[in-house]
Amino acid sequence: MDDQSGQTDSPINNSDLPVNADDHEVPADFDLWRFEHTFRVNYYETDGQRRVHHSNYLNYFERGRVEMLRAAGISYKSLEDAGSMLVVSEMNVRYLAAAEFDDVLTLRVNVLDVRKVRIRHSYQILRGEELVVEAESTIACVNHEGKPNKLPAVFLEQWKAR
């Protein structure tokens, strides 16, 4: 069913998702390190000129990371419940053009590197063939107290196997 943003939501049965990422094997035909997500800009994401407010791009990047995990069958909620919080420790964004209300955008997320407690991502947001925004982030894995926590083994194993 389409929601008002133009995104198509497929039903998710949380009972089918792993309790944590280590209980899960990513399907052999799924690339955990590259993901593409298409969405429509909502009016509330824009400023007075109907252009996407710069802060909303950070939300788009997070949406891309969460949807990438979901597409691999890994529930971010389950990761947190198991004690692994993925937090942004660095974000660098380059704005190249202005996206506007009702634009259909494509977000490309690529994993650049995986270390014991960190993942580096790159992002591109395109409107058709036009590059609107590009960015890189470092995501750290921490426990509920905010202390560094080793990433779930599935991330490290999949990165080594690529």
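Participant: What is the right way to read the overall build of the protein chain from this model?
Facilitator: Each helix and strand counted, the protein chain has three helices and five strands in total. For the protein chain, the proportion of its 162 residues judged to be buried stands at 40%. Taking all contacts inside the protein chain whose residues are at least 6 apart in sequence as the whole, residues at least 24 apart take part in 69%. Carbon together with sulfur atoms contributes 45% to the accessible area of the protein chain, which is approximately 9700 Å² in total.

Participant: Can you help me understand helix α3 (residues 153-161) in this one?
Facilitator: Structurally, the α-helix is built with 3.6 residues per turn, so residues lying three or four positions apart point the same way. Listed in full, the buried residues belonging to α3 are V154, F155, L156 and W159. Its buried side turned inward, α3 meets α1 (56-71), α2 (76-81), β3 (104-114) and β4 (118-127).

Participant: What is the right way to look at the nonpolar core in this model?
Facilitator: Looking at soluble globular proteins, one finds that nonpolar side chains tend to be buried together. Formed by 34 residues in total, the largest nonpolar core has its most connected members in Y57, Y60, F61, L86, V114, I125 and L151. Secondary structure elements with two or more residues in this core: β1 (34-40), α1, α2, β3, β4, β5 (130-142) and α3.

Participant: Help me understand α1, please; the structure alone is not making it clear to me.
Facilitator: Helix length check: α1, at 16 residues, gives a terminal C-alpha distance of 22 Å against a target of 22 Å (1.5 Å per residue), a fit within 8%. Here α1 has its buried residues at N56, Y57, Y60, F61, G64, R65, M68 and L69. In the stretch just after α1, G73 is the one whose phi turns positive, near 85 degrees.

Participant: Please clarify how the environment of G146 should be interpreted in this entry.
Facilitator: Position of G146 relative to the elements: it lies in the loop between β5 and α3. For G146 and V87, which are 59 residues apart along the polypeptide, the C-alpha to C-alpha distance reads 9.2 Å.

Participant: Mind showing me how you'd approach the packing of aromatic side chains here?
Facilitator: The relation between two aromatic rings is expressed through the spacing of the ring centres and the mutual angle of the planes. For the structure on display, the rule yields six aromatic pairs. Both rings, one in Y57 and one in Y60, keep their centres 5.7 Å apart while their planes meet at 85 degrees; by these two values the pair is edge-to-face. Note that Y57 and Y60 are positioned in helix α1 at a spacing of three residues, about one turn of the helix. Taking relative accessible area as the criterion, Y60 reaches 0% and is therefore assigned buried. Counting every residue linked through ring pairs, the aromatic cluster contains F39, Y57, Y60 and Y95. Here the basic side chain of R63 rests over the ring of F39, its NZ or CZ set 4.9 Å away from the ring centre.

Participant: What's the story with the sheet that holds β5 in this structure? I'm lost.
Facilitator: Sheet strands associate in pairs through backbone hydrogen bonding, adopting either a parallel or an antiparallel arrangement. Strand order in this open sheet of five strands is β1-β3-β4-β5-β2, and the pairing throughout is antiparallel. On the outer flanks of this sheet lie β1 and β2 (85-95), each paired with one strand and no other. Along the sheet, successive strands turn relative to each other by an average axial angle of 20 degrees, direction set aside. Pairing analysis gives 10 bridges linking β4 to β5, with the strands arranged antiparallel. Considered in β5, the bridge of I119 is made with I139. The sheet strands contacting α1 are β1, β2, β3, β4 and β5, and the helix crosses β1 at an angle near 125 degrees.

Participant: Is there a simple way to think about the pattern of salt bridges in this case?
Facilitator: Two side chains carrying opposite charge are able to pair once their charged atoms lie near each other. Within the structure shown, the criterion is met by 10 salt bridges. A salt bridge links E36 to R108, with the shortest nitrogen-to-oxygen separation between them at 3.1 Å. Taken together, the residues E36 in strand β1 and R108 in strand β3 connect sequence positions 72 residues apart. A relative accessible area of 48% places E36 in the partly exposed class. Among the ionic pairs, R127 bridges to E130, the shortest N-O distance being 2.8 Å. Within the structure, one salt-bridge network assembled from shared partners comprises D103, R127 and E130.

What counts and how
- Residues numbered from 1 in each chain as written.
- Predicted model: local features only at pLDDT ≥ 70, side-chain atom pairs only at ≥ 80, totals over all residues.
- Heavy atoms only, no water.
- Helix = DSSP H or I, 4+ residues; strand = E, 2+ residues; numbered from the N terminus.
- Buried < 20%, exposed > 50% of the residue type's maximum accessible area, 1.4 Å probe, protein only.
- Contact = heavy atoms within 4.5 Å.
- Areas by Shrake-Rupley, 256 points an atom, 1.4 Å probe, with all protein chains shown as cover.
- Core = buried A, V, L, I, M, F, W, Y, C linked by side-chain atoms within 4.5 Å.
- Expected span 1.5 Å × (residues − 1).
- Phe/Tyr/Trp six-rings, centres within 6.5 Å; stacked < 30°, edge-to-face > 60°.
- Lys NZ or Arg CZ within 6 Å of the ring centre and 35° of its normal.
- Pairing = 2+ DSSP bridges.
- Axes fitted to C-alpha atoms, helices over the stretch in contact; angles between N-to-C directions.
- Salt bridge = Lys/Arg side-chain N within 4 Å of Asp/Glu carboxyl O.

Purely geometric stuff here, so don't read any function into it on its own.
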